[in-house]
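A structural walkthrough
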Amino acid sequence: MIKPQWFVSCDSMAKQALEAVRCKKIEIIPQQYEQDWYRWLENIRDWCISRQLWWGHRIPAWYVTMEDDQLKDMGSYNNHWVVARNEVEALSEAKERFSGRKFQINQDPDVLDTWFSSGLFPLSVLGWPDDTADFRAFYPTSLLETGHDILFFWVARMVMLGMRLGGDVPFRKVYLHPMIRDAHGRKMSKSLGNVVDPLEVINGISLEGLHKRLEEGNLDPNELATAKEGQKKDFPNGIAECGADALRFALIAYTAQSDKINLDVLRVVGYRQWCNKLWNAIRFAMGKLGDNYTPPSTIVVHSMPFVCKWVLSVLNKAVAKTVSSLESYKFSDATTAVYSWWQFQLCDVFIEAIKPFFFNDPEEFKSAREASRDALWICLDTGLRLLHPFMPFVTEELWQRLPQAADTCRKDSIMISEYPSIREEWTNEQIESEMEIVIGTVRKLRSLRPANDKNERYPSFALCRGSDIAAIMRSNEFQIVTLASISSLKILTEDDAPPAGCAIDVVNENLSVYLQLQGALNAEAEREKLRKKREDIHKQQSILSQKINASGYKEKAPQSVQEEDMKKLNSLMEELKIISEAEKDLDQLIDGGN
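Conventions we followed
Residues numbered from 1 in each chain as written. Predicted model: local features only at pLDDT ≥ 70, side-chain atom pairs only at ≥ 80, totals over all residues. Heavy atoms only, no water. Helix = DSSP H or I, 4+ residues; strand = E, 2+ residues; numbered from the N terminus. Rg over C-alpha atoms; globule rule 2.2 N^0.38 Å. Contact = heavy atoms within 4.5 Å. Lys, Arg positive; Asp, Glu negative; His and termini not counted. Charge placed at Lys NZ, Arg CZ, Asp CG, Glu CD. Phe/Tyr/Trp six-rings, centres within 6.5 Å; stacked < 30°, edge-to-face > 60°. Buried < 20%, exposed > 50% of the residue type's maximum accessible area, 1.4 Å probe, protein only. Arc of directions from axis to C-beta. Domains from an automatic or database assignment. Core = buried A, V, L, I, M, F, W, Y, C linked by side-chain atoms within 4.5 Å. Pairing = 2+ DSSP bridges. Axes fitted to C-alpha atoms, helices over the stretch in contact; angles between N-to-C directions. pLDDT = per-residue confidence, 0-100. Parallel < 35°, antiparallel > 145°, perpendicular 65-115°, else oblique. Left-handed = near helix turned anticlockwise from the far one by under 90°. Right-handed = clockwise from strand over helix to strand, strands pointing away. Expected span 1.5 Å × (residues − 1).

**Let's talk about the overall build of the protein**
Per the secondary structure count, the protein includes 22 helices and 16 strands. What you see for the protein is a C-alpha radius of gyration of 34 Å, clearly larger than the 25 Å of a compact globule of 594 residues, by over 25%. Oriented by its inertia axes, the alpha-carbon framework of the protein measures out at about 120 × 60 × 60 Å. Nonlocal contacts in the protein, meaning residues at least 24 apart in sequence, comprise 73% of its contacts between residues at least 6 apart. With 72 positive and 85 negative side-chain charges, the protein shows a spacing of 2 Å between the two charge centroids.

**Concerning the packing of aromatic side chains**
In total, this model carries 23 aromatic pairs according to the counting rule given. With 4.8 Å between their ring centres and 10 degrees between their planes, Phe 135 and Tyr 139 make a pair best called stacked. Here Phe 135 and Tyr 139 have matching classes, each one buried. Geometrically, the ring pair formed by Trp 274 and Tyr 339 is tilted, given 4.6 Å between the ring centres and 45 degrees between the ring planes. Separated by 65 residues along the polypeptide, Trp 274 in helix H12 (residues 265-289) and Tyr 339 in helix H14 (residues 331-359) bring together distant segments of the chain. Looking at Trp 274, the relative accessible area reads 4%, which means it is buried.

**A short note on helix H9 (residues 207-215)**
Burial in H9 covers these residues: Leu 207, Leu 210, His 211 and Leu 214. Buried residues of H9, viewed axially, fall in a sector of 100 degrees; they line one side. Looking at H9, the residues exposed on the side facing more than 90 degrees away from the buried face are Glu 208 and Lys 212. In this fold, the buried residues of H9 make contact with helix H8 (198-203) and helix H10 (221-234).

**Topic: the domain arrangement of the protein**
Once the domains are mapped, the protein shows domain 1 (7-59 + 110-177), domain 2 (180-241), domain 3 (265-427) and domain 4 (453-592). Averaged C-alpha coordinates put domain 1 and domain 3 at centres separated by 43 Å.

**Let's talk about the nonpolar core**
Core analysis: the biggest nonpolar cluster contains 104 residues, and Trp 310, Trp 342 and Phe 350 have the highest contact counts within it. No other element matches H14, which puts 13 residues into this core. Counting 44 residues, the second largest nonpolar core, distinct from the first, contains Cys 10, Trp 37, Trp 154 and Leu 176.

**A look at the sheet that holds strand E15 (residues 502-508)**
Ordered in space as E14-E13-E16-E15, the 4 strands form an open sheet in which the pairing is mixed. Sheet topology places strand E14 (488-492) and E15 at the edges, where each strand pairs with a single neighbour. Pairwise comparison of adjacent strand axes, ignoring direction, gives a mean angle of 20 degrees for this sheet. Here strand E13 (residues 459-464) runs beside E14; their pairing, made up of 5 bridges, is parallel.

**Digging into the confidence of the model for the protein**
Confidence in the prediction of the protein, expressed as mean pLDDT, is 89, and 96% of residues score 70 or more. Taking the mean pLDDT of every element in the protein, the minimum, 74, falls on helix H22 (residues 559-593) and the maximum, 97, on helix H1 (residues 11-22).

**What about the packing of H12 against helix H15 (residues 366-387)?**
In the contact formed by H12 and H15, the axes pass within 10 Å of each other and the chain directions differ by 150 degrees. By the angle between their directions, the pair H12 and H15 is classed as roughly antiparallel. Once H12 is placed against H15, the crossing between them reads as left-handed. Facing H12, whose interface residues are Trp 274, Leu 278, Ala 281, Ile 282, Phe 284, Ala 285, Lys 288 and Leu 289, H15 presents Arg 373, Leu 376, Trp 377, Leu 380, Leu 384 and Leu 387.

**With respect to the pairing of strand E10 (residues 171-177)**
Relative to E10, strand E2 (residues 27-29) runs parallel, the two sharing 3 bridges. When the sheet's bridge partners are listed, Glu 27 is paired in E10 with Lys 173. In this sheet, E10 lies alongside strand E9 (residues 141-147) in parallel orientation, the contact comprising 6 bridges. Bridging across to E10, Gly 147 finds its partner in His 177. Handedness of the crossover is the feature at issue here: the chain leaves E9, passes through helix H7 (residues 151-166), returns alongside E10, and the resulting connection is right-handed.

**Thoughts on helix H13 (residues 306-327)**
For H13, built from 22 residues, the straight-helix expectation of 32 Å at 1.5 Å per residue is met to within 8% by its first-to-last C-alpha distance of 32 Å. Among the residues trailing H13, Tyr 329 stands out with phi positive, at a value near 65 degrees.

**What to know about the packing of H15 against helix H16 (residues 392-399)**
The interhelical angle for the contact between H15 and H16, taken along N-to-C directions, is 155 degrees, at an axis separation of 9 Å. When the axis of H15 is compared with that of H16, the two are roughly antiparallel. Crossing handedness for the pair H15 and H16: left-handed. Two secondary-structure elements touch here, H15 through Asp 381, Leu 384, Arg 385 and Leu 387 and H16 through Thr 395, Leu 398 and Trp 399.

This is the structure we're talking about:
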């Protein structure tokens, strides 16, 4: 029904809101949404604020009906309206405007647009329009977090009303989260059957349970059949119980997708399984720390074993990356940093590397064992505190089980313990660089093992082209043997020839590794590996050459970048030479066998 409505002129308020973002009084994160802000507010129109609804804030307007009016219906005369804070003020204004005449006033039954009422939120929660202590202390607020789809409908309205009525912007930063869709990128819809209830991900539900939820809704028979078919296709076995932590971590990790999250429940399941990894790490630690272990209040890093120095150094980097990512609202980067450290550095490398210290001769490894205990405790305590904002429940449970350092007052909860910060004395770039070579060596040796024989331990050899790389290999021989599950590691120099019957791989231009498979060597399979390796290096070489030869590269690229690129190119050329030599050796082996 067409009828008169109340409007607010937004021209002046929109200009203020535009300027607030342009001059950085308000920062919109991600920055790409600033263009949406400008597009909406540069094309502002009068805002219809009246709604014909039962519930809401009444329009603060009263209609004055004169005793001698010919038309008595509300709104018959546009000049009979008065706008006021309350009925007493409205009556006072009406008496002043219509002095000496008999009348009665009635408030408009229309209510304010919901977005108008919610636009007052930053003001009203602090006691506005009264001059309250809360308003003086907390207005403007620091951060608003909401969905990008209501940037104009809610955020812009709060800014316009806040600046007009509160005298300042209502918040300094706006963080806009993505919208959640299904795994195929479709908007969640009851009729499609692709609505994912967070509680069903947390607690789990069978396919029959999903169907029952649909049946309890109001879909017509055709829509119900379509929805059930969609559920059967997406969740043939229902949804596994994932827990709140796994769902929370997955959603935060997904924020890298910016405007929408294509939620795949299987990814959430993967993080639930990762929670099990955390439990196992703590269980291992508690067994190795022992019942009487008391963590030291301070540690001397330089006297620790190599692998302990390394894990504390990379922990420091994980802390730095996580903190900087949180501060810059790059939450996905923060989850990547903390996950990578826990999974690939602590669990996959450090815990595996220190196991021999606890399982072998107690006297031989006594010093290393004690240092490993301290490093392990530091890693778990710091790592759990680092992970806590992303997985609050499992980290609280596990942290409570850890012993506390001497001379410290234990906090009641991990939630109120200090968040990790960088410890400069832990950083050791040289150790990290050497460990990168060690891990690269381990990966290459593991890849050389026959696919059908992962338990056999074979002798291995490291051909080092230079004294520096040979020194690194010798000093870390024990770690490589442990992590690569080989029987031995012999260091070769350029003058030494590796034995026959070896599978080969290239770690870098200065290091090649050989695994002596004896009768288990499949020459044709090794030839195929070398061919693929050659193709991969040629591809990298081609991309790098195109970059170096591109127009303007020498003029625009920093000198440090150019030097690094040339170093990479030379390294690739050296690796090609090593592969060529390996292919010749393999050909000789095949010819000799024939």
